[in-house]
2 protein chains.
Amino acid sequence: MRYPEPILKLIENFTRLPGVGPKTASRLAFFVLKMNEDHVLEFAKALVNAKRNLFYCSVCGHITDNDPCYICSDTSRDKSKICVVEQPKDVIAMENMRGFNGLYHVLHGAISPIEGISPEDIRIPDLLKRAQDESIKEIILATNPNIEGETTAMYILRLMKGTDLSITRIAHGLPVGGDLEYADEVTLSKAFEGRREL
Amino acid sequence: MRYPEPILKLIENFTRLPGVGPKTASRLAFFVLKMNEDHVLEFAKALVNAKRNLFYCSVCGHITDNDPCYICSDTSRDKSKICVVEQPKDVIAMENMRGFNGLYHVLHGAISPIEGISPEDIRIPDLLKRAQDESIKEIILATNPNIEGETTAMYILRLMKGTDLSITRIAHGLPVGGDLEYADEVTLSKAFEGRREL
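Quick summary incoming for the structure in this document. A quick note: this is a predicted structure, and the numbers were derived from the prediction, not measured. (Residues numbered from 1 in each chain as written. Chains lettered and ligands numbered in written order. Predicted model: local features only at pLDDT ≥ 70, side-chain atom pairs only at ≥ 80, totals over all residues. Heavy atoms only, no water.)

This brings us to the interface of chain A and chain B. Counting from both sides, the interface comprises 52 residues of chain A and, opposite them, 52 residues of chain B. Across the chain A/chain B interface, buried area totals approximately 5400 Å², and carbon plus sulfur atoms make up 69% of it. Between chain A and chain B we count six salt bridges in total. Measuring nitrogen to oxygen at the nearest pair gives 2.9 Å for the salt bridge that ties B:Glu37 to A:Arg52. The interface formed by chain A and chain B contains eleven residue pairs in polar contact (both at pLDDT 80 or more). Mapped by element, the contributors of at least two residues to the side of chain A that touches chain B are α1 (5-15), α2 (22-34), α3 (37-53), β2 (63-64) and α4 (88-97) of chain A. Counting residues per element, the side of chain A that touches chain B draws most heavily on α3(A), at 15 residues. When its residues are assigned to classes, the side of chain A that touches chain B shows 29 nonpolar, eight polar and 15 charged. (Contact = heavy atoms within 4.5 Å. Buried area = accessible area lost by both parts, 1.4 Å probe. Salt bridge = Lys/Arg side-chain N within 4 Å of Asp/Glu carboxyl O. Polar contact = N/O pair within 3.5 Å; in protein donor to acceptor, adjacent residues only side chain to side chain. Helix = DSSP H or I, 4+ residues; strand = E, 2+ residues; numbered from the N terminus. Nonpolar A, V, L, I, M, F, W, Y, C, P; charged D, E, K, R; others polar.)

Turning next to the pattern of salt bridges. Counted under the stated rule, the structure contains 18 salt bridges over all chains. For A:Arg16, the salt bridge is made with A:Glu12, and the minimal N-O distance between the two is 3.7 Å. Take A:Arg16: its relative accessible area is 26%, and that puts it in the partly exposed class. Under the relative-accessibility criterion, A:Glu12 is labelled partly exposed at 36%. Through salt bridges that share partners, A:Lys9, A:Glu12, A:Arg16 and B:Glu42 make up one connected network. (Buried < 20%, exposed > 50% of the residue type's maximum accessible area, 1.4 Å probe, protein only.)

Rotating chain A by 180° and translating it 0.1 Å along the rotation axis places it on chain B, where the RMSD comes to 0.1 Å. On the angle and the small slide along the axis, the relation comes out as a two-fold axis. Considering only C-alpha atoms, the residue of chain A closest to the rotation axis is A:Ala44, which sits at 2.1 Å. (Least-squares fit on C-alpha atoms with pLDDT ≥ 70 in both.)

All names here are of chain B. Spatial ordering of the open sheet is given by β4-β3-β5-β6, a layout of four strands whose pairing is parallel. Every other strand in the sheet has two partners, leaving β4 (103-106) and β6 (166-169) as the edge strands with one partner each. Neighbour to neighbour, the strand axes of the sheet diverge by 25° on average, direction disregarded. Across four bridges, the pairing between strand β5 (residues 138-141) and β6 is parallel. (Pairing = 2+ DSSP bridges. Axes fitted to C-alpha atoms, helices over the stretch in contact; angles between N-to-C directions.)

This is the structure:
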């Protein structure tokens, strides 16, 4: 036996986390042993609480502990715009940007024939239902700039064409602070295509 | 409010871990939400168990859930050799090597005038007591190859000189698989000094 059982168990649990290999897990486990006991108890409680008390908003699909979520139930928000994202994390990223005051729709995935994910597997039918509300004016497609995200955006665009809704896609281009020289060709060509008059 | 409270709390707890910044903490927290509930409960239990049921062996200072620890109480081990290390993690590293079958002595630190750590703050007095046992023949100094570790090794060597004990220091040199070209000068000079006839 190379480790006492309780630390072995803790290491095993840490290795279940993404990006945590056996070395990191062991480092984290030994750190826990040196932590203040109150902090360890709080950590354990936070794990269970987060798992038990969070669910998805019945309106937008964002992660929440109240239904509807704090964004959907915020009366100060602009209810004419819906920003469509793939994951709850993307809502957080958009909110951190602080530039958008509308509502969200979390798809919980993207269309991927390879992984067998069809439009019905993600929350596209729910989006169509929400879009029928007359107060909605704009649908902003903020799925990821990769094959699955683009496919999903194009699919939604096609479904909604012909309605009065304005369907927009977030811009692709060079990341701010990036270097033209190191940009990949696809990004560069997207940035070129998307050029705007100054 | 940008996150629901339970996830905020979980992120906050993850950021207390070493090497976990806000981005990683948020990624880990979202991962926990997608984990199987049994695994989350097991993780929480493992944290509390490790913190509550582990302590330091009264003989060697290694981390254990039984006193004396599994190494000190293993009758098949060579009780004439004590390997002195700084941390319980170092015991694990030595055990993983599988080349040593003696006992350990964990100092729980190294002498560091800068951090105000004197020989009495680490388990050097305990080591002296253990070394008085006549069955002990060799003390292997396996403190880290840095200033504090070297200072500690030299200090112990001076204390024990004049006794019949053989005091050895683990070798410094090039790491196996390393590249001479990229070795730092101190390591290279230690490797050169430590050269052996073939």
